[in-house]
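Structural features, examined
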Amino acid sequence: MIRIIGGTFRMGSDRHYPEEAPVHRVTVDGFWIDRTPVTNRQFRDFVRATGHVTVAEKRPDPKDYPDALPHMLYAGSLVFSPPDRPVDLRDWSQWWTLLKGADWRHPYGPGSNINGLDNHPVVHVAYADAEAYARWAGKSLPTEAEWEYAARGGLDGAEFAWGDELTPGGRHMANTWQGAFPFQNLAQDGFARTSPVTAFPPNAYGLHDMIGNVWEWTSDFYAPKHPADAVKACCIPENPRGGREGDSYDPCQPQSRIPRRALKGGSHLCAPNYCRRYRPAARHPQPVDTSTSHVGFRCVVRERSTP
């Protein structure tokens, strides 16, 4: 882990997606954070020690999904399945498949495995799985503010975790998507899927993969926008803990009461033509019961407990 000295920074962005606004000052106390996302090797150690069974490996309880068709209730997880042609970018079902038998050991379905991927980030972990690992390790999941503060590496207000250019001098600084998403993956950064967690340069704090590779869970319930900036310096929020659970429900699915947590960092599927969320300010809601082939996590240890 790497120690992050506490401080005040400008969280969010007014230049991109509406959920990142408004920019507002936030103070966080010092904390320690994992140098990389949790890897397959680390997660395997956890499973061997505890016998943990992930959400993706369990058949959903019909009582929790009363509107679901019975044949759709099976153990599995969402896997990126690229189409072979341009598709409507408003319809994510064109490239995501709820695949039976997909889980952290089988990231692309029953015929796949993680042989040779020990140093890749673990994927297909729902929020409960990440939280269980953190408890076992004596750690916690980061708040959204802690995560963004660490990702910025001291570059307050910079566009990316390494400065204001996506590829300075033509160098790829993170595992993201090159080409026309979702059908054309040029893999100019060297990776079509996940990459080893130290394959790209660290930020100024020595943290790898804060941008790209996999999205990362935070402990905060998702809020559709940030609070307004404090008018006076004395009122800057300290160690904020995100929104309320009730406000995190998906307004497009009013029948669903599944909380959503904030994801940070973007993934190898973030592309200029679709999802420019390969930035510290970027954020995305994720239902706590949902795992995918591009979401992982890392942990923190706080120097003092937050409320």
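What counts and how
- Residues numbered from 1 in each chain as written.
- Predicted model: local features only at pLDDT ≥ 70, side-chain atom pairs only at ≥ 80, totals over all residues.
- Heavy atoms only, no water.
- Helix = DSSP H or I, 4+ residues; strand = E, 2+ residues; numbered from the N terminus.
- Rg over C-alpha atoms; globule rule 2.2 N^0.38 Å.
- Buried < 20%, exposed > 50% of the residue type's maximum accessible area, 1.4 Å probe, protein only.
- Contact = heavy atoms within 4.5 Å.
- Areas by Shrake-Rupley, 256 points an atom, 1.4 Å probe, with all protein chains shown as cover.
- Lys, Arg positive; Asp, Glu negative; His and termini not counted.
- Charge placed at Lys NZ, Arg CZ, Asp CG, Glu CD.
- 1 Å grid on protein atoms, 1.4 Å probe; cavity = no way out; pocket = protein on both sides within 12 Å on 5 of 7 lines; lining within 4 Å.
- Points joined across faces, edges and corners; volume = space filled by probe spheres on them.
- Nonpolar A, V, L, I, M, F, W, Y, C, P; charged D, E, K, R; others polar.
- Phe/Tyr/Trp six-rings, centres within 6.5 Å; stacked < 30°, edge-to-face > 60°.
- Lys NZ or Arg CZ within 6 Å of the ring centre and 35° of its normal.

This part takes up the overall build of the chain. Of the regular secondary structure elements, the chain holds three helices and 11 strands. The globule rule puts the C-alpha radius of gyration for 307 residues at 19 Å, and the 19 Å found for the chain is close to it. Here the C-alpha coordinates of the chain stretch approximately 55 × 45 × 40 Å along the principal axes. Across the 307 residues that make up the chain, the buried fraction comes to 50%. For the chain, long-range pairs separated by at least 24 residues make up 73% of all intrachain contacts whose partners lie at least 6 apart in sequence. Total accessible area on the chain stands at roughly 14,100 Å², and carbon and sulfur atoms take up 52% of it. Averaging the coordinates of the 35 positive side-chain charges in the chain and doing the same for the 35 negative ones gives two points 2 Å apart.

So, about the layout of surface pockets. There is about 210 Å³ of room inside the second largest pocket. For the lining of the second largest pocket, the elements supplying multiple residues, two or more each, are strand E3 (24-28) and helix H3 (144-152). When its residues are assigned to classes, the lining of the second largest pocket shows seven nonpolar, four polar and five charged.

The next subject is the packing of aromatic side chains. In the structure shown here, the tally under the stated rule is 19 aromatic pairs. Measuring from ring centre to ring centre gives 6.2 Å for Phe43 and Tyr133, while their planes differ by 15°; the resulting arrangement is stacked. Remark: Tyr133 occurs in helix H2 (residues 127-136) and Phe43 occurs in helix H1 (residues 40-50); sequence separation between them is 90 residues. The exposure classification of Phe43 matches that of Tyr133, with both residues buried. Seen from their ring centres, Phe181 and Tyr274 are 4.9 Å apart, and the 10° between their planes marks the pair as stacked. With Phe181 in the loop between H3 and strand E7 (215-221) and Tyr274 in the loop between strand E8 (260-264) and strand E9 (283-287), the pair connects residues that are 93 residues apart, well separated along the chain. The partly exposed category is assigned to Tyr274, whose relative accessible area is 31%. By the ring-pair criterion, three or more aromatic residues cluster together here, those being Phe43, Phe46, Trp104, Tyr133, Trp136 and Phe297. Above the face of the Tyr17 ring, Arg277 is positioned so that its terminal group lies 3.8 Å from the ring centre.

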